[in-house]
Structure formats: structure tokens, C-alpha cells
Amino acid sequence: FFFNDTATTEIYTEQIVGSVRCVQETGTIFTPLEYSYVGLTEELAKEKHGSENIEVYHSVFTPLEEQIIQRMDHNLNFMKRKSYAKVIVNKADKERVVGLHYVGPNAGEVMQGYAVALKMGITKEDLDRTVGIHPTVSEEFVSLHVSKSSGQSPEKTSC
């Protein structure tokens, strides 16, 4: 799957995520562009904690693997697969992380460590204080700053 824009990436993510309802579980869907998650979906988090208490931090970005490989479509336009990272927090509980979702390369590997952290009660502040291992897609989770409520574009334009 190749995505050249934020909207297409979000639609694909919603199609996959829309079929997953989980509570403190983790899993990976092994498709050509993997999807992995731990904890609650956005919908379940709002049901459980109230919409007013949920904040979502997210990013649409081009993973390193796609930055170094040049692929072209049938019109000879460069194509880059986009990835999507999302952290769902409960604002009423010191921004405790209640769900993480990721669509991109090596999703299962990326999510494994975050599953342990979520079970241990990680907060958004804990993620923000973590030094990311560069260059990896996993570091995206420790540098998320765009929230859905801000109305800013989650599209990342540089590393």
C-alpha cells in the first residue's frame, strides 16, 4: 500500500482500526503495511472515560525505510508509504496513556515495548521525557506533540 497524502493514510487506518475493539490487549495485523495496537481504541476510551477526558496525539510521517527507497507509480511520480502513530490519553488521570496505535513497518516489534509501558501506567509526560532511539519509527511515540483537538495537521515534514 502506498499513500501519498495524509487523508489516504487516515482512511486506511480507520478502516483497519474500526474493526478492532480491544481492552488492555495488544495485537498486530500482519498486512503489507502492518497495524499494531495496545490498550483502548479512541472510541472505547471515550466510552470508558468520557469524551471530554480523552486527548489524542498523532502523527503521519514517512518512515526511514521509505525515505531511502525511490519507488514510482505508473505515471513516474515518486511514491512514499506513510505511517501513522497515535497515543490516546486520559486527561483526568495525569494524561495516563490508555491506548497506542501504529500503522507502518515493523508494527509488532514497535508495539511490544509500549505494551509493557502501558501496563506499568505510562503517562504522556513519561513519553515526552524519553529519549528516542534515532533513526527509528518507534521514536515517533516519544516526540508526538500534535493533538487532534488542536486542529493542526498531523503531517510531519521533517525528522
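See the structure printed just above.
Every value quoted in this text rests on a predicted model; they were computed, and no experiment measured them.

Below, the discussion takes up the nonpolar core. Counting residues in hydrophobic clusters, the biggest one holds 21 residues, and the most contacted among them are Val87, Val97, Leu100, Tyr102, Tyr114 and Phe141. Mapped by element, the contributors of at least two residues to this core are β3 (54-61), β6 (83-90), β7 (96-103) and α4 (107-119). The element best represented in this core is α4, accounting for six residues. What Val97 contacts, discounting residues up to four positions off in sequence, is Val87, Ile88, Val89, Leu118, Ile122, Thr123, Lys124 and Leu127. Listed in part, the seven residues of the second largest apolar core include Leu44, Val56, Ile88 and Val98.

Further remarks concern the side chain of Glu140. As for its position among the elements, Glu140 is in the segment after α5 (124-129). Glu140 sits in the buried class, given a relative accessible area of 6%. Not counting residues within four places of it along the chain, the set of residues in contact with Glu140 comprises Ser59, Phe61, Ala85 and Lys156.

Another point: the pairing of strand β2 (residues 35-39). With five of five residues buried, β2 is to be regarded as a mostly interior element. As paired strands, strand β1 (residues 26-29) and β2 are joined by four bridges and run antiparallel to one another. Its bridge partner lying in β2, Ile29 is registered against Tyr35. Counted along the chain from β1 to the antiparallel partner β2, the turn is five residues long.

Enumeration according to the criterion identifies nine salt bridges in this entry. Salt-bridge contacts for Arg129 lead to Glu125; the nearest nitrogen and oxygen are separated by 3.9 Å. Within this pair, Arg129 and its partner Glu125 are both found in helix α5, separated by four residues, close to a single helical turn. Of the charged contacts, one joins Arg129 and Asp126 as a salt bridge, the two residues approaching to 2.7 Å between their closest N and O atoms. Taken as a pair, Arg129 and Asp126 lie in helix α5 at a separation of three residues, close to a single helical turn.

All right, on to the side chain of Glu42 then. Note on placement: Glu42 falls in helix α2 (residues 42-49). There is a polar contact of 2.9 Å between the side chain of Glu42 and the side chain of Lys148. Dropping the residues within four chain positions of it, Glu42 is found in contact with Val56, Lys86, Ile88 and Lys148.

Calculation notes
- Residues numbered from 1 in each chain as written.
- Predicted model: local features only at pLDDT ≥ 70, side-chain atom pairs only at ≥ 80, totals over all residues.
- Heavy atoms only, no water.
- Core = buried A, V, L, I, M, F, W, Y, C linked by side-chain atoms within 4.5 Å.
- Buried < 20%, exposed > 50% of the residue type's maximum accessible area, 1.4 Å probe, protein only.
- Helix = DSSP H or I, 4+ residues; strand = E, 2+ residues; numbered from the N terminus.
- Contact = heavy atoms within 4.5 Å.
- Pairing = 2+ DSSP bridges.
- Salt bridge = Lys/Arg side-chain N within 4 Å of Asp/Glu carboxyl O.
- Polar contact = N/O pair within 3.5 Å; in protein donor to acceptor, adjacent residues only side chain to side chain.

Read these as geometric descriptors, not functional statements.
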